[in-house]
Every structure is written in C-alpha cells, then in structure tokens.
Amino acid sequence: MKGIHSIFLACFLVSAFACFLASAFDPSPLQDFCVAIDDPKDAVFVNGKFCKDPKLAVADDFFYSGLNKPGNTYNRVGSIVTTVNVDQIPGLNTLGISLVRIDYAPYGENPPHTHPRGTEILVVVQGTLYVGFVTSNPENRLITKILYPGDVFVFPIGLIHFQYNLGNTPAVAFAGLSSQNAGVITIANAVFGSNPPINPDVLTKAFQLDKNVVTHLQSLF
C-alpha cells in the first residue's frame, strides 16, 4: 500500500509541475476551443482572445491537408520545414501544440536554431539523422544522437539544436512542439542577416573572426 501511495504522490507532483510549466507559456484554455479570428466584429472575447463564436465553428477550422507532400529542399542548407501552427489551423489557438514536417536533401541539414516558446519532440520516418542540442552557459555541453526511422528525440525549449542528414538519399522527420506557435530563431540568419545589420565590429569580437570574414558572412544572409 505504501508503494501505491508513493506512485500516486509522484504522479500528482509530476502533473502539478507540468501544469506549472504550461502556465508559463501558452495559456491554458478555459473552454473546449477558441478558433482564432482576425476581425473582432465577427468574434467573441473568450479567455483573453478574440475567437469565433463556438456555434459557428466548422471542421475546416481544425483541419490541414498536405503533410504527405515532400517540401522543396533546393536551397543553401538542403532542408525545408513545413509548419502547421495556429496560422494554418486556427482551431489550434490556446491549445498549446503544433506540428512540422522537415524534409532533408542528401546531406542536407536543419541548421542550428532555437524555438523560444516550445519544446520539440521529433520522430524520423525516413533516412538517418545526426541530431543534437547544446546546453546553456556556462557548460555549453553538446548532446547528440544518430537517429533511424522510428527513433524519437527531444529538444528542450529555447536550446540551440540541429538535424543533419547523414545519407545520400532524402530524409523526412515530423516534430511536435509545445506551443501553438513556438517561433524559430535560426542562429546564422539572426546574427549575420539581421535587419539592419549588426555592427561588424561587434561580431568580429564576439566570434573572434577577421572583420573581412564577418562582412562576407553578412553579405550571404
């Protein structure tokens, strides 16, 4: 009996902690759903958001089609992310979840990036991926794994992570994120492709590079 009580207590604490974490990010819904709508005159104000009148909700508010189609990976990094978040499915509003498909060309990569508002859980369905993330300062420890079809890997919220296709054939993965719109910051794009550009002197010192290298990198993004 004591063991059962301990298990119950552990489950309760985990659930409570999960609820605490969830409250720090996407809002917890106070109704069945809150289909996002752009024009307030056609909406009702529920749970801090403008939502379509629930009586007017239809199946298409919760539907998206097309994740069976490969994305075009013909670009500099050899990957493309097809996002399905609240912008594609308005019924995701307040539900704290979204989905992506990632296509990789042979030896293509999803370059180092972060999701500021969501943890990511990724499953490989085709190909072999080398994946990893870096822990926060001061440790900056690299944690990596090689994944095969059916393998699953988690990238904690906010940490820099990546995926690289190790094979000479295309690869495909799907990922869920713990936000209706987790956001994405691709490190190279943000640092070297900001608008307006960051002063090259700042990046020269930060990355310990020659200034000509910095200006060249800025010209690429």
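Residues numbered from 1 in each chain as written. Predicted model: local features only at pLDDT ≥ 70, side-chain atom pairs only at ≥ 80, totals over all residues. Heavy atoms only, no water.

If you look the protein chain up in an unreviewed UniProt entry, it shows as Germin-like protein from Hibiscus sabdariffa. The annotation that UniProt attaches to the protein chain under Sequence similarities (unreviewed entry) is "Belongs to the germin family." (UniProt positions renumbered as here; feature names shortened; annotations may be inferred.)

**Student:** Explain the overall build of the protein chain to me, using residue names and the numbers behind them.
**Tutor:** Counting its regular elements, the protein chain contains 4 helices and 12 strands. Looking at the protein chain as a whole, 31% of its 221 residues are labelled buried. Counted over contacts in the protein chain with a minimum sequence separation of 6, partners at least 24 positions apart contribute 67%. Summing over all exposed atoms, the protein chain offers an accessible surface of approximately 13400 Å²; the carbon and sulfur share of this is 63%. (Helix = DSSP H or I, 4+ residues; strand = E, 2+ residues; numbered from the N terminus. Buried < 20%, exposed > 50% of the residue type's maximum accessible area, 1.4 Å probe, protein only. Contact = heavy atoms within 4.5 Å. Areas by Shrake-Rupley, 256 points an atom, 1.4 Å probe, with all protein chains shown as cover.)

**Student:** Help me get a handle on the layout of surface pockets, residues and values and all.
**Tutor:** A volume near 530 Å³ is recorded for the largest pocket. Forming the walls of the largest pocket are 29 residues, and the residues nearest its centre are Val 81, Asn 110, His 113, Val 184 and Thr 186. Among the secondary structure elements, those contributing two or more residues to the lining of the largest pocket are strand 3 (79-84), strand 4 (98-104), strand 5 (109-114) and helix 2 (187-192). Classifying every residue of the lining of the largest pocket by side-chain character gives 13 nonpolar, 13 polar and 3 charged. (1 Å grid on protein atoms, 1.4 Å probe; cavity = no way out; pocket = protein on both sides within 12 Å on 5 of 7 lines; lining within 4 Å. Points joined across faces, edges and corners; volume = space filled by probe spheres on them. Nonpolar A, V, L, I, M, F, W, Y, C, P; charged D, E, K, R; others polar.)

**Student:** How would you summarise the nonpolar core if you had to cite specific residues and measurements?
**Tutor:** Among soluble globular proteins, nonpolar side chains are generally buried collectively. With 17 residues, the main nonpolar core has Tyr 104, Leu 122, Leu 129, Val 131, Leu 147, Phe 153 and Phe 155 as its most contacted residues. Of all the elements in the fold, those that place two or more residues in this core are strand 4, strand 6 (120-126), strand 7 (129-134), strand 9 (152-155) and strand 11 (171-177). Sorting elements by how many residues they give to this core places strand 11 first, with 4 residues. With residues up to four places along the chain from it excluded, the contact list for Leu 129 reads Tyr 104, Leu 122, Val 124, Lys 145, Ile 146, Leu 147, Gln 163, Tyr 164, Asn 165, Ala 171 and Ala 173. (Core = buried A, V, L, I, M, F, W, Y, C linked by side-chain atoms within 4.5 Å.)

**Student:** Talk me through the sheet that holds strand 12 (residues 185-186); I want residue IDs and the actual numbers.
**Tutor:** Across the sheet, 5 strands lie side by side as 8-7-10-5-12; this open sheet has antiparallel pairing. Of all strands in the sheet, those bounded by a partner on one side alone are strand 8 (142-147) and strand 12. Where strand 7 meets strand 10 (residues 161-165), 5 bridges bridge the pair, whose relative direction is antiparallel. Within strand 10, the position partnered with Val 131 by the bridge is Gln 163. (Pairing = 2+ DSSP bridges.)

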